[in-house]
Amino acid sequence: MAIRAGLVALLLVMLGLQQRLLVAQGNLFDLGDLQTRVERERDEVDQLTERNAQLQAEVDDLRTGLAAVEDRARTELGMIKPGETFIRVIE
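Residues numbered from 1 in each chain as written. Predicted model: local features only at pLDDT ≥ 70, side-chain atom pairs only at ≥ 80, totals over all residues. Heavy atoms only, no water.

1. What to know about the overall build of the protein chain
We apply this condition: Put simply, DSSP marks the helices as runs of H or I at least four residues long and the strands as runs of E at least two long, and each gets a number from the N terminus on. Only the C-alpha atoms count toward the radius of gyration. The rule for a globule is 2.2 Å times the residue count to the power 0.38. We call a residue buried when its accessible area falls under 20% of the maximum for its residue type, exposed when it is over 50%, and partly exposed in between, using a 1.4 Å probe and counting protein chains only.
Looking only at helices and strands, the protein chain has 3 helices and 0 strands in total. When the helices and strands of the protein chain are listed from N to C terminus, the series reads α-α-α. For the protein chain, the C-alpha radius of gyration of 32 Å lies well beyond 12 Å, the compact-globule estimate for 91 residues. Projected onto its principal axes, the C-alpha coordinates of the protein chain cover approximately 105 × 20 × 20 Å. In the protein chain, buried positions account for 5% of the 91 residues.

2. Let's talk about the environment of Val38
Within the element layout of this structure, Val38 appears in helix α2 (residues 28-64). Residue Val38 is classed as partly exposed on the basis of its relative accessible area of 39%. It is 45 Å that separates the C-alpha atoms of Val38 and Ala5, two residues lying 33 residues apart in sequence.

3. Notes on the pattern of salt bridges
Threshold: Each reported salt bridge corresponds to a side-chain nitrogen of Lys or Arg within 4 Å of a carboxyl oxygen of Asp or Glu.
Counted by the stated rule, this structure contains 1 salt bridge. One salt bridge connects Arg42 with Glu39, and the closest N-O pair in it is separated by 3.6 Å. Taken as a pair, Arg42 and Glu39 lie in helix α2 at a separation of 3 residues, close to a single helical turn.

4. Structural notes on helix α3 (residues 66-77)
Using the following cut-off: Expected span of a helix: the number of residues minus one, times 1.5 Å. Pairs of residues are marked as contacts when any of their non-hydrogen atoms sit within 4.5 Å.
The terminal C-alpha atoms of α3, which comprises 12 residues, lie 16 Å apart, in line with the 16 Å expected from a rise of 1.5 Å per residue. Within the span of α3, buried status applies to Ala68, Ala73 and Arg74. Those residues of α3 that are buried lie in contact with α2.

5. A few points about a nonpolar patch on the surface
This is how the line gets drawn: Residues enter a patch when their relative accessible area is above 30% and they make no salt bridge; the linking distance is 9 Å between like charges and 5 Å between nonpolar side chains (Val, Leu, Ile, Met, Phe, Trp, Tyr). Computed by Shrake-Rupley with a 1.4 Å probe, the accessible areas treat only the displayed protein chains as cover when residues are assessed.
A surface patch of nonpolar side chains, amounting to about 480 Å² of accessible area, comprises Val8, Leu11, Leu12, Met14 and Leu15. With a relative accessible area of 48%, Leu15 lands in the partly exposed category.

6. Considering the confidence of the model for the protein chain
Worth spelling out the cut-off: The pLDDT score gives, residue by residue, the confidence of the prediction method on a 0 to 100 scale.
With 98% of its residues at a pLDDT of at least 70, the protein chain reaches an overall mean of 82. Across the protein chain, the secondary-structure element scoring lowest on mean pLDDT is α3, at 73, and the one scoring highest is α2, at 89.

7. Quick word on the packing of α2 against α3
In plain terms, the rule: The axes are straight lines fitted to the C-alpha atoms, using for helices just the contacting stretch, and the angles between their N-to-C directions are given from 0 to 180°. For classification purposes, an angle smaller than 35 degrees is called roughly parallel, one larger than 145 roughly antiparallel, one from 65 to 115 roughly perpendicular, and anything else oblique. Ten residues, namely Ala, Val, Leu, Ile, Met, Phe, Trp, Tyr, Cys and Pro, are considered nonpolar, four, namely Asp, Glu, Lys and Arg, are considered charged, and the remaining ones, Gly among them, are considered polar.
At their nearest, the axes of α2 and α3 sit 5 Å apart, and the two run at 105 degrees to each other. In terms of their interaxial angle, α2 and α3 are classed as roughly perpendicular. Residues Glu58, Asp61, Leu62 and Thr64 of α2 lie in contact with α3, whose contacting residues are Leu66, Ala68, Val69 and Arg72. Its residues placed into classes, the contact of α2 with α3 shows 4 nonpolar, 1 polar and 3 charged.

Written out as structure tokens, the structure is:
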């Protein structure tokens with residue numbers, strides 16, 4: 001009889017722990033969703049970091065080089081001299 005009561009107590013404890021793992025807040029299913037969300041956020045941060053590096057390189061180029069300013073003026077503002085043919089070479 002004492003063994004049966006002990007087994008019932010252990011079963012109840014085990015069910016209580018399983019309930020916390022599967023149903024309670026922060027359960028295993030939530031953990032998987034959070035890990036997926038973290039991966040998406042990391043990918044987005046990586047893309048934004050790369051974009052920021054490109055923009056910083058462009059800003060540095062505009063600050064130091066006149067060629068970049070001239071190129072931007074020609075392509076975006078249409079500042080081409082009369083009789084001049086502008087050819088843009090993209091590396």
